[in-house]
Amino acid sequence: GSAPPVYPGGCMCVFLSSFTTLFWSLCFLSFFCDSFFGLGFIVSFSLILKETQSKMDRKTTTLGLLSASVGAVAAAGTLMAARARAEAAFAALQGPKAEKIIRRVYFGNVEGEDRGPNPMDPPVVRTDPFFWMRDDTRKDPKIIAHIEKENRHTEAQMAPLKGVEEQIYQEFLSHMLETESKLPYPRGLGYYYYTRTEQGKSYPFHCRKERPGVETAPIEGEEMILDVNRLSVGKNYTDVGVVEPSPDHSLVGISADFSGYETYEIFFRVAGTEEPRGETLKDVDSTIVWGTDNSTVFYLTFDEEHRPHKVWMHTLGTPQSDDILLFTEDDKRFWVGVDKSNSGRFLLIGTGSKVQDEYWFVDLKDVKGADAHKKAAQQVKCMQKRLPDLRYDVEHWGDSFYMVTNKDGAKNGKIMKTPISSPGVSSWKELFPYNSAVQYKRLLPFKNKIAVSGREGGFSQVWVLDPASGKIGRVPMEEEAHMAWISSNYLFETELLRFGYSSLTTPSSLLDYNMTKGTSELLWQQNVPNYVPEEYEAQRIVAPSHDGTLIPMSIVYSKKVYPEGPEKASREKEPVPTMLYGYGSYGVSVDPSFDFKRIPLLNRGMVYAIAHIRGGGEMGRPWYEDEGKFLTKKNTFLDFVAAAERLTGPDGFTSPERLGITGRSAGGLLIGATLNLRPDLFGAAVADVPFVDVMTTMCDPSIPLFMHLDVRPFNS
């Protein structure tokens, strides 16, 4: 009637009065307990020696004890060997382990480093045993050796799936066209520019012709602007950034990176030939902006942290060393960009952080020739100096600058205008009252209208603004759950707005919208072989998060696999395999758009889901600014947990064992944090290039991305 004693390892052993029963119990339990358990049993025999002596003579008892002891030790030896094999198998499953070398990392004030305003002083110190694995040169032999071990381990673990991998890869190829022409877009003087690809070629062809419409090569009258395949010959790496024709289309500027470090060179050719013209600009950003003619281009260069911070003006036919510096940004939180207004009248120089903007402009009206460009550049003016938390994005129409801004607490952005002669914030005027349910983001002016991009109802939208009347109307979309964007529009004097459209079931499409008549025409849609859109279904569902906020989710599945939906299939058979994707950082929106690489997975019965969690921008700027960064950053992770609970709950269609999750970069941070919160909710996880070394990374001022994003704790 007494409670059984507890032995090492937490195994409870009941002492039996019967010697034989105890012996066989020992042998049985030895298979499940380690050697310490067996030794514990040996000790137990000596404890009951006195009791057994009353039933057996001492000699018999001693022999029995000796036999039991030998049996226990043998069983323990067998178990230790089995345990060693199990540990070896587990180690193989875990893969190679990196060496730990202690490094002290400081959070807060460090003399000689830019740690942002008001850093902690004295700093907080922690140790990082894997700091040594950072190698900006990508040449450390010790790190490379470890990565090679990791790769071999991955290959070994994935070896049983090689056949499936190859099958799925071949299915990927079956849904894409290797030979395809994109839709040509007009750029003036009767020229239509486009890119096309050919089967067996690694890089695209940049071309132009003198008529609209998609055609299959060979195309009569086609001019080859750039064959990237020829450009890449003899080079280990080639990435073309921009192919930009000059205003009269006789020249073309090309930016290309041949190193892989996103450091470009700009060179010029006679359009339609490989004949070089002028000189090559070295160590520059990919941006190319022509002046009003062929004499001048504007470009950007980097600082030591690879941050675009200087704007230069180059005159063709002169050395790069003679170029004129127009603007320098010294604040490392700000990145610089340069472009022309869509009207072509103004050169716009923008510098901005995540929370502040500042624009400068050069009036190019009636400017012709290199000397006139130099004279105009001497009159670079600031529109509005940066102010705390003031963001604005600028374009030109008529006698005014138009901007989308968060002025006066308009977090989702409102449209304002100001006279060119008085561009400062004190002159800014609203076109119509601010609507917090609508987010305006970008403007693209035409001769009579202004196109506007933004978000409403959780989806990307496009509007057309009549600047004369101040009225604005939304461009109709075919499906409620969609992605829409303003595409390439290079003509100012036109009534046609080209915009892009996609959904989870609709391949990427391009349409022309007549801004006067209010009608759309489909011009091009991505050709996806072996795909029938009607065989797939997209839905929008919501998940209640920890604080009651409803988190939107987009799902897509095959109707051939689940003709009555995955919910019914789950109830009648078994939970369905599901992949849940999330990002939730920097105010970036993950829209429900088409991806042909999902098709083989959907055809196998997988449901693909996207959680539009806080920290992203799907529901507008406050979704990030108020509810998904700084001290509210945890909402991002808890929202993702809520999405998984919705999918695995009573109203869902999957189970934790059949739910996989994935995220990339800051989405990898999401995966890491979510696994720590609820490891029981998921059967598989893919953290793709995950940002999980959060504290060390955010306190490193040498990383330009995080300076640009104004990253402080949980500002993602």
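Residues numbered from 1 in each chain as written. Predicted model: local features only at pLDDT ≥ 70, side-chain atom pairs only at ≥ 80, totals over all residues. Heavy atoms only, no water.

The next point concerns the overall build of the chain. Each helix and strand in the chain was counted, giving 15 helices and 39 strands. Here the chain, with 716 residues, has 47% of them falling under the buried criterion. Surface accessibility of the chain: about 35,600 Å² in total, with carbon and sulfur atoms responsible for 54%. (Helix = DSSP H or I, 4+ residues; strand = E, 2+ residues; numbered from the N terminus. Buried < 20%, exposed > 50% of the residue type's maximum accessible area, 1.4 Å probe, protein only. Areas by Shrake-Rupley, 256 points an atom, 1.4 Å probe, with all protein chains shown as cover.)

As a further point, take the packing of aromatic side chains. Applying the stated criterion to the full structure yields 15 aromatic pairs. Consider the rings of Tyr-440 and Trp-463, whose centres lie 5.0 Å apart with planes at 75°: the pair is edge-to-face. Pair noted here: Tyr-440 is in strand S26 (residues 438-445) and Trp-463 is in strand S28 (residues 459-466), with a separation of 23 residues, a long-range link. The exposure class assigned to Tyr-440 is buried, which follows from its relative accessible area of 10%. A cation over an aromatic ring shows up here: Arg-208 above the ring of Tyr-191, its NZ or CZ 4.0 Å from the ring centre. Taking the ring centre of Phe-258 as reference, the NZ or CZ of Lys-235 above it sits at 4.9 Å. (Phe/Tyr/Trp six-rings, centres within 6.5 Å; stacked < 30°, edge-to-face > 60°. Lys NZ or Arg CZ within 6 Å of the ring centre and 35° of its normal.)

All right, on to the environment of Leu-300 then. Residue position: Leu-300 is located in strand S15 (residues 296-302). Setting aside anything within four residues of it in sequence, one finds Leu-300 in contact with Val-284, Asp-285, Thr-287, Pro-308, Lys-310, Val-311, Val-336, Gly-337 and Val-338. (Contact = heavy atoms within 4.5 Å.)

On the surface, Met-158, Leu-161 and Val-164 cluster together to form a nonpolar patch covering roughly 220 Å² of accessible area. Mapped onto the fold, Met-158 is located in helix H5 (residues 141-158). Exposure remark for Met-158: the relative accessible area of 32% places this residue in the partly exposed category. (Patch = residues over 30% accessible without salt bridge, like charges linked within 9 Å, V, L, I, M, F, W, Y side chains within 5 Å. Salt bridge = Lys/Arg side-chain N within 4 Å of Asp/Glu carboxyl O.)

The next point concerns the nonpolar core. Counting residues in hydrophobic clusters, the biggest one holds 51 residues, and the most contacted among them are Met-553, Leu-580, Ile-599, Val-607, Tyr-608, Phe-640 and Leu-647. Top contributing element to this core by residue count: helix H12 (residues 634-648), with 6 residues. Among residues more than four places away in sequence, those in contact with Phe-640 are Leu-580, Tyr-581, Gly-582, Ala-611, Ile-613, Ile-661, Leu-670, Ile-671 and Thr-674. Residues Leu-300, Val-311, Leu-326 and Ala-377 belong to the second largest nonpolar core, which totals 17 residues. (Core = buried A, V, L, I, M, F, W, Y, C linked by side-chain atoms within 4.5 Å.)

Here we take up the pairing of strand S20 (residues 357-363). Of all 7 residues that make up S20, 6 are buried, and the element is covered over most of its length. As judged from the 7 bridges shared by strand S19 (residues 346-352) and S20, these two strands associate in the antiparallel manner. Pairing of Ile-349 across the sheet is with Trp-360, part of S20. What sits between S19 and S20 in their antiparallel hairpin is a turn of 4 residues. With 3 bridges connecting them, S20 and strand S21 (residues 381-384) associate as antiparallel partners. (Pairing = 2+ DSSP bridges.)

What follows covers the confidence of the model for the chain. Per-residue confidence for the chain gives a mean pLDDT of 88, with 85% of residues at or over 70. The model gives residues 1-76 a pLDDT under 50, and that stretch makes 63 contacts with residues more than four places away or in other chains. (pLDDT = per-residue confidence, 0-100.)

Let's shift gears to the pattern of salt bridges. Within this structure, the stated rule accounts for 44 salt bridges. One salt bridge connects Asp-591 with Arg-455, and the closest N-O pair in it is separated by 2.7 Å. Of this pair, Asp-591 sits in the loop between strand S36 (578-581) and helix H10 (599-603) while Arg-455 sits in strand S27 (residues 450-456), and the two are 136 residues apart along the sequence. Asp-591 sits in the buried class, given a relative accessible area of 11%. A salt bridge links Glu-537 to Lys-559; its shortest N-O distance comes to 3.8 Å.

Further remarks concern unusual backbone geometry. The step from Asp-121 to Pro-122 runs through a cis peptide bond, and the omega angle for that step is 5°. Mapped onto the fold, Pro-122 is located in the loop between strand S3 (104-107) and strand S4 (124-127). Residue Ala-217 is joined to Pro-218 through a cis peptide bond whose omega torsion reads 0°. Its location among the elements puts Pro-218 in the loop between strand S8 (205-209) and strand S9 (223-227). Positioned with a positive phi, Asn-530 is a non-glycine residue whose angle comes to about 60°. Mapping Asn-530 onto the fold places it in the loop between strand S33 (519-525) and strand S34 (536-544). Owing to a relative accessible area of 60%, Asn-530 belongs among the exposed residues under this scheme.

Put simply, H12 and helix H13 (residues 666-677) touch, their axes get as near as 9 Å, and they point 70° apart. Relative to H13, the element H12 is oriented roughly perpendicular. Like other packed secondary-structure pairs, H12 and H13 cross with a definite hand, here right-handed. Here Lys-634, Thr-636, Phe-637, Leu-638, Phe-640 and Val-641 of H12 lie close against H13, whose contacting residues are Leu-669, Leu-670, Ile-671, Ala-673, Thr-674 and Leu-677. (Axes fitted to C-alpha atoms, helices over the stretch in contact; angles between N-to-C directions. Parallel < 35°, antiparallel > 145°, perpendicular 65-115°, else oblique. Left-handed = near helix turned anticlockwise from the far one by under 90°.)

Let us now look at the sheet that holds S20. Judged by pairing direction, the sheet is antiparallel, and its 4 strands sit side by side in the order S18-S19-S20-S21 without closing on themselves. Every interior strand has two partners, whereas the edge strands, strand S18 (335-340) and S21, have only one. Across the sheet, the mean angle separating the axes of adjacent strands is 25° when strand polarity is ignored.

This next bit is on helix H8 (residues 370-377). The complete set of buried residues in H8 reads Ala-370, His-373, Ala-376 and Ala-377. On an axial view of H8, the arc spanned by its buried residues comes to 125°, and they lie on one face. For H8, the exposed residues set more than 90 degrees away from the buried face come down to Asp-371 and Lys-375. Along its buried surface, H8 packs onto S15, strand S16 (308-315), strand S17 (324-328) and S20. (Arc of directions from axis to C-beta.)

This part covers the sheet that holds S27. As summarised here, the arrangement of the 4 strands in space is S26-S27-S28-S29, forming an open sheet in which the pairing is antiparallel. Edge positions in the sheet fall to S26 and strand S29 (471-474), since each has one partner strand and no second. Direction aside, neighbouring strands of the sheet carry axes that sit 30° apart on average. As paired elements, S28 and S29 share 4 bridges and run antiparallel to each other. In the strand pairing of S29, Trp-463 is matched with Arg-474.

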